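A closer look at the structure
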Amino acid sequence: MDREKQVLFAGFGGQGVLSMGQFLTHIAMNAGKEVTWVPSYGAEMRGGTANCLVTISEEEISSPLTENPMTAIIMNRPSLDKYESRIKANGTLVINSSMVDRLPEREDLNVLQMPVNQIAAEIGNSKGANMIILGAYLEKTGLIEVEEALDYFGVVFKGKNEKVIEENKAAFMAGVEYARRQW
Amino acid sequence: MDRVLMKGNEALAEGAILAGCRGFFGYPITPSSEIAEYMARKMPKIGGVFVQAESELAAINMVYGGAATGARVMTASSGPGLSLKQEGISFIAEAELPCLIVNISRGGPGLGGIQPAQSDYFQATRGGGHGDYHTIVLAPSGSQEMMDFAIEAFELADKYRIPVMIMAEGTLGNLMEPIVMREPVLNKVDKPWAISGCQGRKPNIINTLHLGSEELENRNLHLANKYKLIQAQEKRAESYLVEDAELVVVAFGIMARIVKKAVVEARKRGIKAGLVRPITLWPFPDEDLRQAAEHARLFLSVEISMGQMIQDIQLALAGRVPVEFYGRIGFTPNPEEILQEIIRLAAREGL
Amino acid sequence: MKKVFQRPESLTEARNHYCPGCSHGIIHRLLAECMDEMNIREKTIGICPVGCSVLAYDYFNCDMLEAAHGRAPAIATAIKRLLPDRYLFTYQGDGDLASIGMAEIVHASARGEKITVIFVNNTLYGMTGGQMAPTTLLGQVTTTSPYGRKVENEGYPMKMAELLSSNEGSAYICRTAVNNPANINRTKRAIKKALQVQEKGLGFSMVEILSACPTNWGLSPVEALKWMENNMIPYYPLGEFKVKED
Ligand SMILES: Cc1ncc(C[n+]2csc(CCOP(=O)(O)OP(=O)(O)O)c2C)c(N)n1
Ligand code: SF4
Ligand SMILES: [Mg+2]
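Residues numbered from 1 in each chain as written. Chains lettered and ligands numbered in written order. Predicted model: local features only at pLDDT ≥ 70, side-chain atom pairs only at ≥ 80, totals over all residues. Heavy atoms only, no water.

1. Quick notes on the interface of chain B and chain C
Opposite the 37 residues of chain B that make contact, chain C presents 31 residues. Buried area between chain B and chain C, summed over both chains or domains, comes out near 2,600 Å², and the portion from carbon and sulfur atoms is 63%. At the junction of chain B and chain C, the tally comes to 3 salt bridges. Of the charged contacts, one joins E54 of chain B and R111 of chain C as a salt bridge, the two residues approaching to 2.8 Å between their closest N and O atoms. Remark: the boundary between chain B and chain C carries 16 residue pairs in polar contact (both at pLDDT 80 or more). Going through the elements one at a time, β3 (49–52), α3 (56–68), α4 (79–95) and β9 (205–206) of chain B are the ones with two or more residues in the side of chain B that touches chain C. Top contributing element to the side of chain B that touches chain C by residue count: α3 of chain B, with 8 residues. Residue composition of the side of chain B that touches chain C, grouped by class: 19 nonpolar, 13 polar and 5 charged. As paired elements, β9 of chain B and strand β2 (residues 63–66) of chain C share 2 bridges and run parallel to each other. Bridge pairing in β2 of chain C places I205 of chain B opposite M64 of chain C. (Contact = heavy atoms within 4.5 Å. Buried area = accessible area lost by both parts, 1.4 Å probe. Salt bridge = Lys/Arg side-chain N within 4 Å of Asp/Glu carboxyl O. Polar contact = N/O pair within 3.5 Å; in protein donor to acceptor, adjacent residues only side chain to side chain. Helix = DSSP H or I, 4+ residues; strand = E, 2+ residues; numbered from the N terminus. Nonpolar A, V, L, I, M, F, W, Y, C, P; charged D, E, K, R; others polar. Pairing = 2+ DSSP bridges.)

2. Thoughts on unusual backbone geometry
Residue P31 of chain B is bonded to the preceding T30 of chain B through a cis peptide linkage, with omega at 5°. For P31 of chain B, the position within the fold is in the loop between β2 (23–26) and α2 (33–42). In this structure, the amide linkage connecting G108 of chain B to the following residue, P109 of chain B, adopts the cis form with an omega of -10°. You can see P109 of chain B is positioned in the loop between β5 (99–105) and α5 (121–125). A positive phi angle, close to 50°, is found at R161 of chain B, a residue other than glycine. Looking at the element boundaries, R161 of chain B is found in the loop between α6 (143–160) and β7 (163–169). One non-glycine residue, T123 of chain C, lies in the positive phi region at around 65°.

3. A few points about the packing of aromatic side chains
If you walk through the whole model with that rule in mind, you get 15 aromatic pairs over all chains. Look at F24 of chain B and F50 of chain B: their rings are 5.8 Å apart centre to centre, the planes differ by 5°, and that puts the pair in the stacked class. Taken together, the residues span a long stretch of sequence, with F24 of chain B in strand β2 and F50 of chain B in strand β3 at a distance of 26 residues. A connected cluster of aromatic rings, assembled from ring pairs, spans F23, F153, F157 and F172 of chain A. Note that K260 of chain B overlies the ring of Y240 of chain B, its terminal NZ or CZ placed 4.7 Å from the centroid. The residue whose ring lies beneath K159 of chain C is Y235 of chain C, and the NZ or CZ to ring-centre distance is 4.3 Å. (Phe/Tyr/Trp six-rings, centres within 6.5 Å; stacked < 30°, edge-to-face > 60°. Lys NZ or Arg CZ within 6 Å of the ring centre and 35° of its normal.)

4. A closer look at the sheet that holds β2 of chain B
Residue and element names in this part refer to chain B. Strands sit in the order β3-β2-β4-β5-β7-β6-β13 across an open sheet of 7 strands; the sheet is mixed. Taken across any chain shown, the strands that pair with only one partner, and hence form the sheet edges, are β3 and β13 (280–282). Strand-to-strand, the axes of this sheet are offset by a mean angle of 20°, without reference to chain direction. Of the strand pairs in this sheet, β2 and β3 are connected by 4 bridges, and their pairing is parallel. Across the sheet, the residue bridging to G23 is V49, located in β3. Here α6 sits on the sheet and contacts β4 (73–77), β5, β6 (136–138) and β7; the angle it forms with β7, its principal contact strand, is near 160°. (Axes fitted to C-alpha atoms, helices over the stretch in contact; angles between N-to-C directions.)

Below, the structure is given as structure tokens:
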């Protein structure tokens, strides 16, 4: 099932977790892939975590849900506690180390850490955390080419003013740079 | 084709608008409220009517009135709201008024929860309110169908003068995926029965009271004949890998997509599994099930409930093949656990 | 002379089923005369309730719809919104309007729906055999208040005209009675005024009409009118409660 990738985004309500997932869904669709995005709600919303699951595939997607995603982008500690055990064997964990004060326990996972909040503070865009980690993740995995992603910013943020688009691009690129240097 | 990314709830609302819906009457309830919110934004811009009613009772009666004028109108709700709407749905069915009723379904009974569920299946497929009646019930399984079925629902509603229900789990309302936008429906259906003021004609009456025994029976016979016609003409299902299937899984809505993935995995393991997905929950596509039963040793109904559609499957198969059940509520069964269930049953049956 | 007894065009030829001395028939006629005089029959849509007047769709010679018990204002709301240049009336009893349909009437009024409500208050449920209504007077005996309505048990009778007149959306609220010719004339004037308020798009309009149900009151038609005068009018004062000027 490698032609299909499922990525879970999880964090606090205010961390832009849902929009990060939507953004990836959008650019993947524009890149010609099949995509689905599902937010969780209800019982899962309690306990301070918000999450969404993105599926990107070369073929028609049957199930938009899974118990065991390939990758998780983890923005805070409760999300790591909740989802660590669910990631597929040999899957990937991308962790915001600014908000997670422990290492994963599993040893089969590919773990990528970055101090997202610190980088956001450095570039003076405290709301940019989601874009930073997404940029780093795409640079590292090549799920969608960085150049291609940059091309679609204008389409995805259609209707937003130029400044907002540029700020988001800058945050995204800060993540890309970090991944190039550190991962 | 240009694709746009849309949430199921929005795709459904936009589909309704493309179908010419110009009246939305609703009362907020999770997970259906996005439809009302979408309509509140759109209706004033296209010369339509949006009213947030004081209750679901009022909302469905607004649909009753709106449909009586001949306009295409709708409401959307969930769980407890659908219970309140049953009074009005019974009247609308009797008065034979076309309209769309949407259930973005959640778990009950009582206030239940807001997790996606299919436990309103009985309510939807058995009429739901008082008296002998049915609504056509469509179960989409993705954003594209949320849009397409909204359009289809209005067409069917006008064709048969019947309330049509779309039942979709909360997941589908929230699920975002690419869809192809449809063209607006332009042809207008002639509705000489509508009430609009009797200028130049005899007054029209829309009425559900039939005090005389004969009159009452005739009305019911008339409706029963209509339902028979719909059963003969409108059953719909999608079958997948059933030609040689020894284990046929039946699931609808979002559940059917999840099951499909499990069926593909089961095939990789040498288990001859197949899937039948009822698209019309009423009329129930029993012939598709009988066809799929050709080589089947076992059926499995997978539902987000404690087991409701299984009764229709058993009725359709009339004892020819045993039917097992797998269901949860509060959780949506995931592909991995359904695969395990298929493997377990296949091993037990020696498939 | 001939003109006085002529059937208004807005009534059908059907013979009504109301009991002798029942006020429903008079009220139908008053409403129909107003429709004739305003020449709006062909632009009027009426909603009849569940109650003794459930068959009103057979009596009014215009487009009619029969509602579920209490829901007429919701139905009228949708029709008026979709067809704003038509005249909408609901015709409702006190059980229909003040009990099961309380939410629908209050909110139609609060929203200022441009509809006219003919509210027939006969202090009980006529159709189902004379049970207590929210409008049943204190001490009044009905089949479900066999010892007389008591404050401890059933609370106070509801004054719908007063209640609805407090809503901003209400443009015209009036209470009349049909116990004598003068009051009958006043009732007709009130109905016409209500329809005119609707015509001008000023908001919600309602005429509450104190009515007789000799059958369930256990009185002769003449005694019933006396009873209305002696018991109902003192508790339910007549007059205009809300008149929004254009
Ligand atoms: C939901 C529902 N509950 C109860 C009834 C039974 N019912 C019919 S008429 C009526 C009361 C009508 O009283 P009112 O509105 O005062 O009208 P009247 O007959 O006095 O003119 C009732 C309770 C019904 N038809 N529907
Ligand atoms: S029961 Fe009362 S309200 Fe009903 S028709 Fe007879 S008199 Fe009129
Ligand atoms: Mg009454």
